[in-house]
Amino acid sequence: VLASLPLQMMLYFNVYYFPVWFLAEGMMLQLKYQLLPQHYQFLLVTAFLILSLAEGSRLYLGYVGNLQEK
């Protein structure tokens with residue numbers, strides 16, 4: 001069983017685009033944070049953190065799983 005080259009390429013590019021997305025989304029969140037009601041502020045920060053953690057975990061597990069052929 002060999003590692004999937006297309007999957008590895010997508011993971012490779014996603015590792016470089018994820019910090020760009022993270023910074024852009026963080027900056028947009030910071031700009032509109034004060035203009036939103038308190039419950040939307042909580043929801044946006046929570047969603048941002050969950051998505052960031054999920055994406056980081058997905059990239060790590062994708063690299064480990066693909067390179068170790070699991």
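Residues numbered from 1 in each chain as written. Predicted model: local features only at pLDDT ≥ 70, side-chain atom pairs only at ≥ 80, totals over all residues. Heavy atoms only, no water.

Within an unreviewed UniProt entry, the label attached to the protein chain reads TMM17 protein, and the organism entered is Rissa tridactyla.

### Section: the UniProt feature "transmembrane region" (unreviewed entry) in the protein chain
According to UniProt, the positions carrying the feature "transmembrane region" (unreviewed entry) are residues 12–30 and 42–61. Strand forms 0% of residues 12–30 and helix 100%; the C-alpha atoms that close the span are 28 Å apart. Annotation note: span residues 42–61, helix share 100%, strand share 0%, distance between end C-alpha atoms 28 Å. (UniProt positions renumbered as here; feature names shortened; annotations may be inferred. Helix = DSSP H or I, 4+ residues; strand = E, 2+ residues; numbered from the N terminus.)

### Remarks on the side chain of Gln 8
Tracing the backbone shows Gln 8 in helix H1 (residues 5–33). Given a relative accessible area of 16%, Gln 8 falls into the buried group. Excluding residues that lie within four positions of it along the chain, Gln 8 makes contacts with Tyr 63, Asn 66 and Leu 67. (Buried < 20%, exposed > 50% of the residue type's maximum accessible area, 1.4 Å probe, protein only. Contact = heavy atoms within 4.5 Å.)

### Overview of the pattern of salt bridges
Per the stated rule, a full pass over the model turns up one salt bridge. Glu 55 is the partner of Arg 58 in a salt bridge, and the nearest nitrogen-oxygen pair spans 2.7 Å. In this pair, Arg 58 and Glu 55 are both assigned in helix H2 (residues 38–67), three residues apart and thus about one turn of the helix distant. Residue class for Glu 55 comes out buried when judged on its relative accessible area of 19%. (Salt bridge = Lys/Arg side-chain N within 4 Å of Asp/Glu carboxyl O.)

### Focus on a nonpolar patch on the surface
A surface patch of nonpolar side chains, about 760 Å² in accessible area, is lined by Leu 5, Met 9, Tyr 12, Phe 13, Val 15, Tyr 16 and Tyr 17. The residue Tyr 17 is located in helix H1 in this model. (Patch = residues over 30% accessible without salt bridge, like charges linked within 9 Å, V, L, I, M, F, W, Y side chains within 5 Å. Areas by Shrake-Rupley, 256 points an atom, 1.4 Å probe, with all protein chains shown as cover.)

### A word on the side chain of Gln 41
Relative to the elements of secondary structure, Gln 41 occurs in helix H2. For Gln 41, the residues in contact, after removing those within four places along its chain, are Tyr 33, Gln 34 and Leu 36.

### Focus on the packing of H1 against H2
Where H1 contacts H2, the axes come no closer than 11 Å and their chain directions differ by 170 degrees. Our classification of the angle between H1 and H2 gives roughly antiparallel. Among the residues forming the contact of H1 with H2, the class breakdown is 16 nonpolar, eight polar and four charged. (Axes fitted to C-alpha atoms, helices over the stretch in contact; angles between N-to-C directions. Parallel < 35°, antiparallel > 145°, perpendicular 65-115°, else oblique. Nonpolar A, V, L, I, M, F, W, Y, C, P; charged D, E, K, R; others polar.)

### Side note on the packing of aromatic side chains
Considering all chains together, one arrives at six aromatic pairs under this definition. Arranged with centres 5.5 Å apart and planes meeting at 75 degrees, the rings of Tyr 12 and Phe 13 form a pair that is edge-to-face. Since its relative accessible area comes to 44%, Phe 13 is described here as partly exposed. Following the ring pairs from residue to residue traces out a cluster consisting of Phe 18, Trp 21, Phe 22 and Phe 48. (Phe/Tyr/Trp six-rings, centres within 6.5 Å; stacked < 30°, edge-to-face > 60°.)

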